[in-house]
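Here are the chains, one letter per residue:
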Amino acid sequence: MKILVTGGAGYIGSHTCVELLNSGFEAVVVDNLSNSKTESISRVEKITGKNITFVQGDVRDRECLQTVFKAHDITAVIHFAGLKAVGESCEQPLSYYDNNVYGSIVLAQEMEKANIKKLVFSSSATVYGDPEKLPLTEDMPLSTTNPYGTSKLMVENIYRDLEVADKLKDSNSPWAISLLRYFNPVGAHESGLIGEDPNGIPNNLMPYISQVAVGKLQQLSVFGSDYPTIDGTGVRDYIHVVDLAKGHVKAVQAMLGGLSGVNAINLGTGNGLSVLQLVKAFEEQNEKPVPFKMVARRSGDVAACYADAKKAKALLDWQAELDVNAMVKDSWHWQSKNPNGYE
Ligand code: NAD
Ligand code: UFG
């Protein structure tokens with residue numbers, strides 16, 4: 001069974017390709033390589049001993065999608081392709097709406113024409129805005145604070161409208177759409193062959209910690225020490241990327257098994273960890289010091305954010321299995337083996 005993976009050369013996409021291939025699926029990847037390299041695909045092939053069909057293309061390019069749908073009998077699509085930097089989205093909102101929203105519309109239109117109606121979409125916990133209550137359940141109010149987050153929420157709404165309209169037509173092949181809301185993906189494949197390869201100075205905590213530990217960056221700035229949390233630093237639900245990748249395979253399998261309609265589902269562990277707890281776990285597990293200093297809060301950050309992960313268990317029979325020690329160990333293994341990423 002063939003799955004189209006848009007953005008499959010990227011961080012989460014490459015790990016998902018490994019899990020798809022290991023579960024007996026075939027993968028066709030469409031990626032424009034705007035934030036990745038084909039080396040990640042070669043390494044997925046090395047890990048799994050299986051081949052991937054790679055197409056360098058853009059999800060906004062209809063002809064490219066039409067060609068792929070004609071050449072391959074695609075059963076379902078996992079849609080990762082998009083831009084993901086919050087700060088950049090504030091500077092270049094149109095580029096974010098173009099890639100993330102327009103790209104998701106073109107993809108759904110071409111899927112509909114090809115009668116492929118099973119779709120997994122990469123959403124984000126950012127759609128919960130500044131949480132009123134924790135842990136976050138999928139039915140809580142949604143809001144966003146930046147164009148990146150807005151683009152994710154817009155696509156969720158567009159896909160909901162699409163499914164409602166399709167149901168009214170009483171079509172005999174209903175849409176099945178999983179809106180997977182990721183919490184904070186970290187870690188890497190245990191082989192150390194694939195991992196996160198951010199451009200320039202990382203915005204996110206885990207790659208920043210790893211680059212300090214490997215000596216590329218001098219010290220970590222901890223953004224805020226006066227949050228109402230266990231130690232004053234921000235709390236997040238870090239989830240191992242391999243667990244996250246398995247969640248995508250489970251979503252495809254659930255839809256093949258009859259899960260239909262639109263389902264928003266949190267993919268998190270359900271546990272919150274502070275910045276300092278993550279730093280400490282990294283230092284202890286890897287026996288590597290991570291010098292840090294406390295600085296002011298980063299604008300737009302929330303104090304704490306973690307998932308209620310029960311819906312994923314109920315609908316997908318999925319739950320996170322890897323703990324924080326595996327997350328920091330595998331992040332470091334990838335970073336130390338590939339100090340300059342895929343270069
Ligand atoms: P990534 O940048 O590593 O992967 C995205 C891939 O999509 C890249 O390979 C990029 O080249 C490709 N791409 C971008 N625009 C494209 C386009 N128009 N057409 C074809 N390919 C395109 O990012 P990631 O961390 O793997 O994230 C994957 C998805 O998950 C994204 O949609 C992101 O918004 C979402 N997400 C990520 C996180 C996170 O913290 N990493 C959290 C929540 C949601
Ligand atoms: N942090 C630091 N120093 C750093 C980087 C981060 O102290 O150098 C702190 C942040 O203040 C926050 C925590 O580490 O408390 C996590 O920050 P990240 O940037 O790693 O992750 P965020 O939770 O801010 O953002 C992530 C994704 C976004 C997504 C959001 C909500 O990067 O794309 O989760 O899902 F929108």
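It should be noted that the structure appears before, not after, this text.
Residues numbered from 1 in each chain as written. Chains lettered and ligands numbered in written order. Predicted model: local features only at pLDDT ≥ 70, side-chain atom pairs only at ≥ 80, totals over all residues. Heavy atoms only, no water.

S.K.: Summarise the site of ligand 1; cite the residues concerned and give the values.
M.R.: Taken together, 27 residues surround ligand 1, and among them Asp31, Asn35, Ser36, Asn99 and Tyr148 come closest. One of the side-chain N or O atoms of Ser36 is found 2.7 Å from an oxygen atom in ligand 1. Here a nitrogen atom of ligand 1 and a backbone polar atom of Val59 are 3.1 Å apart. Among the elements of the structure, α1 (11–22), β5 (118–124) and α6 (147–168) are those that each provide at least two residues to the shell around ligand 1. A per-element tally of the shell around ligand 1 places β5 first, with 3 residues. Looking at the shell around ligand 1 residue by residue, the classes come out as 10 nonpolar, 12 polar and 5 charged. (Near = heavy atom within 4 Å. Polar contact = N/O pair within 3.5 Å; in protein donor to acceptor, adjacent residues only side chain to side chain. Helix = DSSP H or I, 4+ residues; strand = E, 2+ residues; numbered from the N terminus. Nonpolar A, V, L, I, M, F, W, Y, C, P; charged D, E, K, R; others polar.)

S.K.: Lay out the site of ligand 2 in plain terms, naming residues and giving numbers.
M.R.: Around ligand 2, 21 residues are found, and the nearest of them are Asn204, Ser221, Arg236, Arg298 and Asp301. In this structure, Leu205 approaches ligand 2 through a main-chain N or O atom, which is 2.8 Å from an oxygen atom. At 2.9 Å, a backbone N or O of Phe223 approaches an oxygen atom of ligand 2. Computed on the free molecule, ligand 2 has an accessible area of 680 Å², of which 88% lies beneath the protein chains in the complex. (Areas by Shrake-Rupley, 256 points an atom, 1.4 Å probe, with all protein chains shown as cover.)

S.K.: Break down the pattern of salt bridges for me, with residues and values.
M.R.: Going through the model one piece at a time under the given rule, you end up with 16 salt bridges. Between Asp308 and Lys310 there is a salt bridge, with the nearest N and O atoms lying 3.1 Å from each other. Put simply, Asp58, Arg60 and Asp98 are held in one network by salt bridges that share partners. (Salt bridge = Lys/Arg side-chain N within 4 Å of Asp/Glu carboxyl O.)

S.K.: Summarise helix α2 (residues 39–48); cite the residues concerned and give the values.
M.R.: Where α2 is concerned, the buried positions are Ser40, Ile41, Arg43, Val44 and Thr48. Summarising the axial view, the buried residues of α2 lie within an arc of 160°, below the 170-degree limit, and thus occupy one face. In this structure, the buried residues of α2 make contact with α1, β2 (26–31), β3 (53–56) and α11 (324–337). Positive backbone phi, at 70°, marks Gly49, one or two positions downstream of α2. (Buried < 20%, exposed > 50% of the residue type's maximum accessible area, 1.4 Å probe, protein only. Arc of directions from axis to C-beta. Contact = heavy atoms within 4.5 Å.)

S.K.: Got a sec to walk through helix α5 (residues 93–113)? Specific residues and values, please.
M.R.: For α5, spanning 21 residues, the distance from its first C-alpha to its last is 29 Å, which sits close to the expected 30 Å at 1.5 Å a residue. The largest bend along α5 reaches roughly 25° and is located at Tyr102. Looking at α5, one finds that the buried residues are Tyr96, Asn99, Asn100, Val101, Gly103, Ser104, Val106, Leu107, Ala108, Glu110 and Met111. Just beyond α5, the residue with positive phi is Asn115, at close to 55°. (Expected span 1.5 Å × (residues − 1). Bend = angle between axes of the 7 residues up to and from the residue.)

S.K.: Explain the packing of helix α3 (residues 62–71) against α5 residue by residue, including any values.
M.R.: The N-to-C vectors of α3 and α5 enclose an angle of 35°; their axes lie 10 Å apart at closest approach. As for how α3 packs across α5, the hand of that crossing is right-handed. Contact residues: Arg62, Leu65, Gln66 and Phe69 in α3; Tyr102, Val106, Leu107, Gln109, Glu110, Met111 and Lys113 in α5. Split into classes, the residues belonging to the contact of α3 with α5 amount to 6 nonpolar, 2 polar and 3 charged. (Axes fitted to C-alpha atoms, helices over the stretch in contact; angles between N-to-C directions. Left-handed = near helix turned anticlockwise from the far one by under 90°.)

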